[in-house]
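Chain residues, written in single-letter form:
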Amino acid sequence: GEDRRAKTITLQEATKYRLWLMSGGGREGRSLAESTVSRRCRRAKEIFNLGIKHKWIRYNPFADLNQWNETNEERNLYIPWQDVLSIMEWCNCPRFKLFIAATRLCGLRSPSDVLTMKWGQFDWEIGLFKATSQKNKRHRRHRDIPIFQSLTPYLQDAWEAAPEDEELVFYDLQITREIGRAHV
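Residues numbered from 1 in each chain as written. Predicted model: local features only at pLDDT ≥ 70, side-chain atom pairs only at ≥ 80, totals over all residues. Heavy atoms only, no water.

Re helix α6 (residues 152–161)
So the rule is basically this: Burial classes: relative accessible area under 20% of the type maximum marks a residue as buried, over 50% as exposed, and values in between as partly exposed (1.4 Å probe, protein chains only). Only runs of H or I of at least four residues qualify as helices and only runs of E of at least two qualify as strands under DSSP, and these elements are numbered from the N terminus. This arc is taken over the directions from the axis of the helix to the C-beta atoms. We call two residues in contact whenever any of their non-hydrogen atoms come within 4.5 Å of each other.
Y154, L155 and A158 are the residues of α6 that are buried. The buried residues of α6 occupy an angular sector of 100° when the element is viewed end-on, so they sit on one face. Buried positions along α6 lie against α3 (81–90), α4 (94–106) and β1 (122–123).

Written out as structure tokens, the structure reads:
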């Protein structure tokens, strides 16, 4: 609470907090998903670490809690390629089709990796795309991805529809907004 000093919180209370989140700490007393509980406890740990760094406190009660899992396996869903093709047939925008194909066939992150794609990153002669990853700053920022035969028609259609001398594959804000709204 507001009157509680951070330095008085113990490991036992941090553990109780985690159990409370798991058993009814959500809205209207509902339990939270394991990934949400993990994320909240990790953030609490980060806040206490900041307090230690600034010498406001000496001990982090969340430091000794077990490792946390922040992935929610229940949200994983495999969509068969035939279903993806059906969706893409319905679409009339070549760039939107390419967006879907690039995430599915090349394993690019959506939207960060895909929306930064540039035509200059494609080496058509050797059949490679040099993908830039916004999230891999500590590791490799570039990955060489083969231009698969199944991706080629979507690339060609998007290239033909692009304005001349356009550097970005996804060059206008309208398509970017539509992709963001679709939560692709």
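As for the confidence of the model for the protein chain
As a reminder, the rule being used: Across the chain, each position has a pLDDT score giving the predictor's confidence in that residue, from 0 to 100.
Averaged over all residues, the pLDDT of the protein chain is 83; the fraction at 70 or higher stands at 86%. When pLDDT is averaged over each element of the protein chain, α6 comes out on top at 93 and helix α7 (residues 173–182) at the bottom at 58.

Details of the nonpolar core
Definition in use: Here the nonpolar core consists of buried residues drawn from Ala, Val, Leu, Ile, Met, Phe, Trp, Tyr and Cys, with membership extended through side-chain atoms lying within 4.5 Å.
Among the nonpolar cores identified, the biggest contains 28 residues, and L98, L108, M117, F122, F129 and F170 are the most heavily contacted of them. Among the elements of the structure, α3, α4, α5 (112–115), β2 (128–132) and α6 are those that each provide at least two residues to this core. Ignoring any residue separated from it by four or fewer positions in sequence, one finds L108 in contact with A102, T103, D113, V114, M117, F129, A131, R143 and I145. Core analysis: the next-biggest nonpolar cluster, separate from the first, contains ten residues, A14, L32, F48 and I57 among them.

A short note on the sheet that holds β2
As a reminder of what qualifies: For two strands to be treated as a pair, DSSP must find at least two bridges joining them.
Spatially, β1-β2-β3 is the arrangement adopted by the three strands of the open sheet, whose pairing is antiparallel. Each end of this open sheet is capped by a strand with a single partner; those strands are β1 and β3 (142–146). Two elements, β2 and β3, share five bridges in a ladder whose sense is antiparallel. In the strand pairing of β3, T132 is matched with H142.

Focus on the environment of P94
By the secondary structure assignment, P94 is in helix α4. With 65 residues separating them in the primary sequence, P94 and W159 have C-alpha atoms 8.7 Å apart.

Re the packing of aromatic side chains
Using the following cut-off: Only centres within 6.5 Å qualify two rings of Phe, Tyr or Trp (six-membered ring in Trp) as a pair; their planes then separate them into stacked at under 30 degrees, edge-to-face at over 60, and tilted for everything else.
Within the structure shown, the criterion is met by eight aromatic pairs. On the numbers, 6.1 Å between centres and 85° between planes, the contact of Y17 with F62 is edge-to-face. On the criterion of sequence distance, the pair formed by Y17 in helix α1 (residues 11–24) and F62 in the loop between α2 (34–53) and α3 is long-range, its members being 45 residues apart. With a centroid separation of 5.8 Å and 80° between ring planes, the pair formed by F99 and F170 is classed as edge-to-face. In this pair, F99 sits in helix α4 while F170 sits in the loop between α6 and α7, placing the two residues 71 residues apart along the sequence. F170 carries the same exposure label as F99, and that label is buried. Linked through ring pairs, W119, F122, W124, F129 and W159 together constitute an aromatic cluster.

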